[in-house]
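# Reading the structure
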Amino acid sequence: MSTPLSHTARILKLLKAKGKVSNFELRKIAWRYPARILDLKKEGHRIRSVHDEGTRWFYIYEGHKDDE
């Protein structure tokens, strides 16, 4: 039996799979997704946030700092 992924791990998996994810998609995984994004950034993941319109934002995964 496998252990369920943490919110942070689920968000990272989605970002890596899609490359660009909206805040609405992330909110389905974790209500406090901004804190999980910050955790990933502290781990060295490069994630850019871009405002679309209204309350929609996109988070774009640009790799890990060690991938360079």
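Below is a summary of the structure that appears in this document.

Basis of the calculations
- Residues numbered from 1 in each chain as written.
- Predicted model: local features only at pLDDT ≥ 70, side-chain atom pairs only at ≥ 80, totals over all residues.
- Heavy atoms only, no water.
- Phe/Tyr/Trp six-rings, centres within 6.5 Å; stacked < 30°, edge-to-face > 60°.
- Helix = DSSP H or I, 4+ residues; strand = E, 2+ residues; numbered from the N terminus.
- Lys NZ or Arg CZ within 6 Å of the ring centre and 35° of its normal.
- Buried < 20%, exposed > 50% of the residue type's maximum accessible area, 1.4 Å probe, protein only.
- Contact = heavy atoms within 4.5 Å.
- Polar contact = N/O pair within 3.5 Å; in protein donor to acceptor, adjacent residues only side chain to side chain.
- Salt bridge = Lys/Arg side-chain N within 4 Å of Asp/Glu carboxyl O.

### Things to note about the packing of aromatic side chains
- Following the criterion strictly, the structure yields 1 aromatic pair and no others.
- Pairing Tyr-33 with Tyr-59 gives two aromatic rings, centres 6.0 Å apart and planes at 80°, and the pair type is edge-to-face. Remark: Tyr-59 occurs in strand β3 (residues 56-64) and Tyr-33 occurs in helix α3 (residues 33-42); sequence separation between them is 26 residues.
- The residue whose ring lies beneath Lys-20 is Phe-58, and the NZ or CZ to ring-centre distance is 4.5 Å.
- For Arg-27, the ring lying beneath its charged end belongs to Trp-31, and the centroid distance is 5.0 Å.

### Details of the environment of Arg-48
- Counting through the fold element by element, Arg-48 comes out in strand β2 (residues 45-53).
- Judged by relative accessible area, which is 41%, Arg-48 ranks as partly exposed.
- Note: C-alpha distance between Arg-48 and Glu-62 (14 residues apart in sequence) is 7.3 Å.
- The contacts of Arg-48, once residues within four sequence positions are left out, are Phe-58, Tyr-59, Ile-60 and Glu-62.
- Within the local environment of Arg-48, its side chain forms a polar contact with the side chain of Glu-62, the two groups lying 2.7 Å apart.

### Considerations on the pattern of salt bridges
- Across all of its chains, the model carries 4 salt bridges by this definition.
- In this structure, Glu-25 and Lys-18 form a salt bridge, with 2.4 Å as the shortest nitrogen-oxygen distance.
- In this structure Lys-18 comes out as partly exposed when scored by relative accessible area, which is 46%.
- The salt bridge involving Arg-48 is made with Glu-62; its shortest N-O contact spans 2.7 Å. Placement of the pair is Arg-48 in strand β2 and Glu-62 in strand β3, with a sequence separation of 14 residues.

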